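# Observations on chain architecture
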Amino acid sequence: MDDDGDDIPQLSSHTLAALQEFYLEQQQREGMKTSQGFNQYSIGSIEEDWQLSQFWYSDETASRLADEAVVAAGKGGRIACVSAPSVYQKLKEQDGKDFSVCILEYDRRFSVYGEEFIFYDYNHPLKLPENLLPHSFDIVIADPPYLSEECLQKTAETIKYLTKGKILLCTGAIMEEQAAKNLGVKICKFIPKHARNLANEFRCYVNYASGLD
């Protein structure tokens, strides 16, 4: 993965100050998970790994994006979540609705989700399983892990390979021009929020008439 710290979404000073408290809470939560049952699809059931540039969406944002994906995919639709595990988790909480979903993710901890997990490294954008056919998803939701032109370009290759047409991209506001250039997407009025505040402004981008405006 890219080790250039300049490309990683930056935490606000308040969040950095809470880092020690976060790790203490994490230890406590891990202890609770071993002593009682928990929802494996809830956001936070797999902790953020900031070294992998992981920043989960707030519950409200993940729900809004999941609902948008279901509507955009249509009845019996297929949804791919590329580096967007918290949206995948929200979609799985809607089990029973008429759609299918898979998660493409670098972090192998998400392999606990079984056959729906597909190992994905944006450095090799088309190194995908043979059974993942081109243009086989009604919508692709993607959140490239780094705010760099290279990362967006390579993730865009994956998105264009997978989607039948619809794209929902979440990335920094500073990537607006590159997003339009690589994927033909336009910025939405809806502003995604993260569970832990980021200093970088994030936005959503789509190439279809969405419910995010």
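Quick look at the structure, then. Note that this is a predicted model, so its numbers are computed, not measured. (Residues numbered from 1 in each chain as written. Predicted model: local features only at pLDDT ≥ 70, side-chain atom pairs only at ≥ 80, totals over all residues. Heavy atoms only, no water.)

## Focus: the overall build of the protein
Rule in force here: In DSSP terms, a helix is any run of H or I states spanning at least four residues, a strand is any run of E spanning at least two, and both are numbered starting from the N terminus. Only protein chains enter the area calculation, which uses a 1.4 Å probe; residues under 20% of their type maximum are buried, those over 50% are exposed, and those in between are partly exposed. By definition in these notes, contact holds between two residues if any of their heavy atoms fall within 4.5 Å. Method for areas: the Shrake-Rupley scheme with a 1.4 Å probe, in which residue coverage is limited to the protein chains shown.
The number of helices and strands found in the protein is six helices and seven strands. Ordering the α and β elements of the protein from the N terminus gives α-α-α-β-α-β-β-β-α-β-α-β-β. Burial status across the protein gives 51% buried among its 213 residues. Contacts in the protein between residues at least 24 apart in sequence constitute 66% of all its contacts with a sequence separation of at least 6. About 10,600 Å² of surface is accessible on the protein, with carbon and sulfur atoms providing 48% of the total.

## Regarding helix H6 (residues 176–183)
The condition is simple: Working note: the arc is built from the helix axis to C-beta atom directions.
Among the residues of H6, Gln178, Ala179, Asn182 and Leu183 are the ones counted as buried. Buried residues of H6 fall within an arc of 100 degrees about the axis and therefore sit on the same side. Away from its buried face by more than 90 degrees, H6 exposes Glu177 and Lys181. Packing partners of the buried residues in H6 comprise helix H5 (149–162), strand S5 (163–172) and strand S7 (202–206). Among the residues trailing H6, Gly184 stands out with phi positive, at a value near 65 degrees.

## Remarks on the packing of aromatic side chains
Condition: Only Phe, Tyr and Trp rings take part, Trp by its six-membered ring, and two of them pair if their centres are within 6.5 Å. Stacked means planes under 30 degrees apart, edge-to-face means over 60, and tilted covers everything else.
A complete count under the given rule lists four aromatic pairs for this structure. Considering the side-chain rings of Phe110 and Tyr113, the 6.1 Å spacing of their centres and the 45 degrees angle between planes classify their relative orientation as tilted. What makes Phe110 buried here is its relative accessible area of 0%. What links up through ring pairs into an aromatic cluster is the set Tyr88, Phe110 and Tyr113.

## Regarding the packing of helix H3 (residues 59–73) against helix H4 (residues 85–93)
Applicable threshold: Only the stretch in contact is used when a helix axis is fitted, and all axes are lines through C-alpha atoms; the angle between N-to-C directions ranges over 0 to 180 degrees. An angle below 35 degrees is read as roughly parallel, one above 145 as roughly antiparallel, one from 65 to 115 as roughly perpendicular, and any other as oblique. In this scheme, a crossing is called left-handed if the near helix is turned counterclockwise away from the far one by less than a right angle; it is called right-handed if the turn is clockwise. By the convention adopted, Pro, Cys, Tyr, Trp, Phe, Met, Ile, Leu, Val and Ala count as nonpolar, Lys, Arg, Asp and Glu as charged, and the other residues, Gly among them, as polar.
Running from N to C, H3 and H4 point in directions that differ by 70 degrees, and their axes come no closer than 8 Å. Judged on the interaxial angle alone, H4 and H3 are roughly perpendicular. Seen from above, H3 lies across H4 with right-handed handedness. For the pair H3 and H4, contact is made by Asp59, Ala62, Ser63, Leu65, Ala66 and Val70 and by Ser86, Val87, Lys90 and Leu91, respectively. The residue inventory of the contact of H3 with H4, partitioned by class, reads six nonpolar, two polar and two charged.

## Description of the nonpolar core
Inclusion rule: Note on terminology: a nonpolar core comprises buried Ala, Val, Leu, Ile, Met, Phe, Trp, Tyr and Cys residues joined through side-chain atoms within 4.5 Å.
In this structure, Leu65, Ile79, Val87 and Leu91 are the most contacted members of the largest nonpolar core, which totals 31 residues. Contributing elements (two or more residues each) for this core: H3, strand S1 (77–82), H4, strand S2 (99–105), strand S4 (137–142), S5 and S7. A total of seven residues in this core trace back to one element, the largest contributor, which is H3. When sequence neighbours within four positions are dropped, the list of residues in contact with Ile79 reads Ala69, Val70, Ala73, Leu91, Phe99, Ser100, Val101, Cys102, Phe137, Ile139 and Ile141.

## Here we look at the side chain of Ser83
Tracing the sequence through the fold places Ser83 in the loop between S1 and H4. Filtering out sequence-adjacent residues up to four positions away, Ser83 remains in contact with Leu104, Glu105, Tyr120, Asp143 and Pro145.

## Topic: the pairing of S2
The criterion, for reference: Any two strands are treated as partners once DSSP identifies two or more bridges connecting them.
Burial analysis of S2 places six of its seven residues in the buried class, which makes it a mostly covered element. Relative to S2, S1 is paired through six bridges, and the arrangement is parallel. Residue pairing for S2: Arg78 is matched across the bridge by Ser100.

## Let's talk about the pairing of S7
A large share of S7 lies buried, amounting to five of its five residues. Residues of S7 alternate between two faces, with Phe202, Cys204 and Val206 on one and Arg203 and Tyr205 on the opposite face, all of them buried. The pairing of strand S6 (residues 186–187) with S7 spans two bridges and is antiparallel. Pairing of Lys186 across the sheet is with Val206, part of S7.

Distances and angles like these do not, on their own, reveal function.
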